[in-house]
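Fold and geometry: a report
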Amino acid sequence: MIRSLRNRLSLLVGLITLPGYLVISADMLEYRQQVLLNLEHQVEVTANELADLQRRILIDTEAYLTHLVQLPEVQDPASPVCGEFLVKILNLNTQFVNLGVPLANGDLLCNAHPLTRHVNVFDRPYFQDALTNRRFSIGTFQLDRAANTTSINFGYPVTDIATDEVRGVAVAVVSLDWWNHYLESSHLPESSTAFITDSQGAIIANYPANQNELGRVVTEINGHSQAEQFMGVDGIRRMKYSIPLLYNNDEELFVLTIGVPTEANLQSINQRFYLSLLLFSLVMLSIYRISSRLLKNGVLAPIEALTDASRKLQRGIFEPNKANDGVIELVQLKQQFEQMAETRLEAERQIWLQANVDSLTALPNRYMLNYQLSQALDYAKQQDQQLSLLMLDLDNFKDVNDTLGHDAGDKLLREVAGRLKSVIREPNLLARLGGDEFTIVLTDLKHTKPIDELCEQILQLLAEPIQVDTHRLFITTSIGVAIYPADGRTVEELLKSADQAMFAAKNDGRNRLKYFDSTMQEAILHKRELISDLRDAIDTELIVYYQPILDCESQRIIKAEALIRWQHPEKGLISPAEFIPLAEEYGLIIAIGQKVFEQVCKDLPTLKQAYNDSFQVSINVSPIQFAHEKTQLTDWVHSLDTQGLRCSDIIIEITEGVMLDPNCETIKKLMVFRDRGVQVALDDFGTGYSSLAYIHRYDIDYLKIDRCFIANLSANSDALALCEAMVLMAHKLGIQVVAEGVETVEQADLIRSVGCDFIQGYLISKPQPLELLVSDHQGVIFTS
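A few points on the structure.

Each value, and the rule that gives it
- Residues numbered from 1 in each chain as written.
- Predicted model: local features only at pLDDT ≥ 70, side-chain atom pairs only at ≥ 80, totals over all residues.
- Heavy atoms only, no water.
- Salt bridge = Lys/Arg side-chain N within 4 Å of Asp/Glu carboxyl O.
- Helix = DSSP H or I, 4+ residues; strand = E, 2+ residues; numbered from the N terminus.
- Buried < 20%, exposed > 50% of the residue type's maximum accessible area, 1.4 Å probe, protein only.
- Contact = heavy atoms within 4.5 Å.
- Patch = residues over 30% accessible without salt bridge, like charges linked within 9 Å, V, L, I, M, F, W, Y side chains within 5 Å.
- Areas by Shrake-Rupley, 256 points an atom, 1.4 Å probe, with all protein chains shown as cover.

Remarks on the pattern of salt bridges
Following the criterion strictly, the structure yields 23 salt bridges and no others. The salt bridge partner of lysine 704 is glutamate 653, with a shortest N-O separation of 2.6 Å. With lysine 704 in strand E25 (residues 702-705) and glutamate 653 in strand E23 (residues 650-654), the pair connects residues that are 51 residues apart, well separated along the chain. Overall, the relative accessible area of 2% leaves lysine 704 in the buried class. Each of Glu561, Glu653, Lys704 and Glu740 takes part in one network of salt bridges that share partners.

What about the environment of aspartate 641?
Here aspartate 641 is to be found in helix H17 (residues 633-642). We classify aspartate 641 as partly exposed; its relative accessible area is 39%. Among all residues touching aspartate 641, those that are not within four sequence positions of it are Cys647 and Arg676.

Observations concerning unusual backbone geometry
Excluding glycine, most residues fall at negative phi; most peptide bonds, likewise, are trans. Of note, the bond from glutamate 426 into proline 427 is cis; its omega dihedral lies within 30 degrees of zero at 5°. Note on placement: proline 427 falls in the loop between helix H10 (406-421) and strand E13 (429-434). That bond from tyrosine 484 to proline 485 is cis: its omega, 5°, falls within 30 degrees of zero. Looking at the element boundaries, proline 485 is found in the loop between strand E17 (477-484) and helix H12 (491-507). Residues other than glycine seldom take positive phi values, yet aspartate 469 does so here, at roughly 55°. The class of aspartate 469 is partly exposed, set by a relative accessible area of 49%. Positive phi outside glycine occurs at asparagine 511, with the angle close to 55°. Mapped onto the fold, asparagine 511 is located in the loop between H12 and strand E18 (513-515). With a relative accessible area of 35%, asparagine 511 lands in the partly exposed category.

Remarks on a nonpolar patch on the surface
A grouping of Leu275, Leu278, Leu279 and Leu282 is seen on the molecular surface, where their side chains present a nonpolar patch of about 390 Å² in accessible area. In this structure, leucine 282 sits in helix H6 (residues 263-314). Taking relative accessible area as the criterion, leucine 282 reaches 45% and is therefore assigned partly exposed.

Right under this line is the structure:
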């Protein structure tokens, strides 16, 4: 503990020290940056001063040559007088090592130095530029043929004053030695470098002077650039700056580059930085030493004495410390520790209960079940025993919450848990997974009732009425059973198998027991695969077929029902009875219904042209489409208008479930159709719980007698009597009747005999694609 406090003191001092180091470093960096900026400015000023001086010299050279070519002695370059005159004036300007006036053909006859051989400069670019463009021209790095030295030549055309004819070019030769002397006299700082390059990038002068570098082409220099640091080949870091000395027709003729060393300027900054760090470190070290001593005498020693007394107290020894008047305080500290320990233990117990026990029923929750089941499986594996898992789910429990409230539902769950506890004994396990799901783990099958007998006892026990407040409730449960190791070897596998068996029990009618078998898993996998394929199939594999509807009076096809078909690329044609319930369960029916509507709107003009303008298509609409918030049903009317179709061109087929749904949004959407003239047909009539009040309220246009009545039609049969009653009732209410599933002529004759208005079924036509329906249609389809 003492060492920990000392470590923390060291950490605290370190945390205090760190900002100081950061401030010193930041100050050094800022000062360093300012020095570099000043140095950058100094380099730029020096370069600009040198550039201005060089420009004045070049301008003076141009002015000198401009004046020279106008003198009479130079007007005739072929005259000996010209050479004699140049000899006299050469020494008047020390920056020139030679003066000459080559003829227009390049031959040099007039020269300040005696010529020992024939010289022609016609190929020199500066000569061609001055001769052709009649302007002041500047050459590049070269070996002067007349002065026999490395130089830069400047030229100006000699034009006859009377005829304006170019008779030659006056040339001033500047030795590169002059440029070197010029750079040496620039008073650059020690270890500085400088060089001048011509338009070709060749070095014509350098500082410090190095004859071997003259003429070397430098490619990294191009005109005016910002100051930047670079490391020289000599290992010295410098601030570099480049600036053009002279332009000619927007072309850079000479570029001056200066490099000034930076280390000398930064050395004093570094010394200041290191000194600041040293002084600050000494101050902080002194503070640390003083703080450590104060901490030891004022804090650590008393705590060490209390710690020693606490250890002795744990062993039952209590000795007053004469050197420490804080013994009473130590006893109080011990009592506080005991109180804190009790509080902490109670908090940990509550946390454990919240994490492992269901707060409503006091049964183990899902987390605890997983742990206990895992332990039970390990034991069963070691002992080579079987283990059974029962999954219980209360039937229609949601109705209790919806009608009586969640408080009543909670009371019901507590009563169910109590009844289950009465029949489940240790070492068997009982847990609540959540909601209305309970799980029983039978670990001792040898001393437990047979599973069937136990499940039957549970079913009977839960079927007894339960009193919740003033309500007498009846509840049943569905039980799924999975057995280790046959139905699963892990917790996840066993829970999954029992869950599938429980859902199978619900599907078989609820309030029963169901054992897991492999076909359940296959069914689940098939369902999952079918859902996955259906999501991808909506846009590409679903096809709209049409089944014609015959008008019994005119014996003509005047309507058709749009039916969706799924042509799976691998499984072939999949029945709607298989995938439509899945689409409704997983919400895909919304997209499928929209696809059918859009395809019907696209096909209606073709059907009208093939049959008649009043041809109608009925579209099945699921109750889910009416109830869904994002359904596009109310947009269908607008879509019909925009495509030039009448609302009466389609018939909405609904089931009795739509009318029984009390949802106001469902009623509102149905009324939108009715108000705009869309007709409504009630499908599968006679198989559900339709009320005549609902039929009258929603103003139904058609009743469709379910095929189960038509299949059993025969003369004087009950089915015929029922059909006749339904037709008579519908006609009394102003509703027309469609008979579905008509497959024989006898059925057609019988249903027509009781006054049915329309017939639909395989006798007329199977559902078929639009192309076949249009190409194969006839005016009269059926005659008896």
